[in-house]
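# Summary of the model geometry
In case you want the letters, here they are:
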Amino acid sequence: MGVIDLLESGDTAALKALGARFARRRLNRNKTQQILANEAGVSRKTVSNLENGAPVTTVNLVRVLRALGEYRGLDNIWVSGIQCGFDDNSACDM
C-alpha cells in the first residue's frame, strides 16, 4: 500500500485507508475480528468500525495496535527536534 497523503485526502478517505491497513494486518495474522477484539479488550464492533474507517476512541485504537503487535509504531509519530516556538526556531523536548 502506498503512503496516505493526509494533505490531499479528506478525513473520511484517510480513515478508510487506515482501516484497510488494520484489516490487512489482522488478516495477515490469521485472526478474526472477534479474536482480535478479545485480545484487545474491545468489542468486535470496535474492530469493525476501525477497519471500516469509522471513528474510534484513542484508547481503543491503542488497544488494537497493542493486540496486533504494532504499538511500537506509535513512536514514529514523535520525531525529536520538532520546532515548537511560534516566533523562534527553538526545538522542544517531546
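Look a little higher up for the structure.
Now for a description of the structure that goes with this document.

Conventions we followed
Residues numbered from 1 in each chain as written. Predicted model: local features only at pLDDT ≥ 70, side-chain atom pairs only at ≥ 80, totals over all residues. Heavy atoms only, no water. Helix = DSSP H or I, 4+ residues; strand = E, 2+ residues; numbered from the N terminus. Buried < 20%, exposed > 50% of the residue type's maximum accessible area, 1.4 Å probe, protein only. Contact = heavy atoms within 4.5 Å. Areas by Shrake-Rupley, 256 points an atom, 1.4 Å probe, with all protein chains shown as cover. Salt bridge = Lys/Arg side-chain N within 4 Å of Asp/Glu carboxyl O.

Within the chain, the regular secondary structure consists of four helices and zero strands. Order of helices (α) and strands (β) in the chain, N terminus to C terminus: α-α-α-α. Scored against the burial criterion, the 94 residues of the chain give a buried share of 26%. Pairs at least 24 residues apart make up 33% of the contacts formed inside the chain by residues separated by at least 6 positions. Accessible surface, the chain as shown: approximately 6800 Å² in total, 52% of it carbon and sulfur.

On to the pattern of salt bridges, then. Counted according to the given criterion, the structure contains four salt bridges. Between Arg 25 and Glu 70 there is a salt bridge, with its nearest N and O atoms 3.2 Å apart. Of this pair, Arg 25 sits in helix H1 (residues 11-28) while Glu 70 sits in the segment after helix H4 (58-67); the two residues are 45 residues apart in sequence, bridging distant segments of the chain. Linking Glu 39 and Lys 31 is a salt bridge whose minimum nitrogen-to-oxygen distance equals 2.4 Å. The exposure class of Lys 31 is buried, given its relative accessible area of 18%. Through salt bridges with shared partners, a single network forms among Arg 25, Arg 29 and Glu 70.

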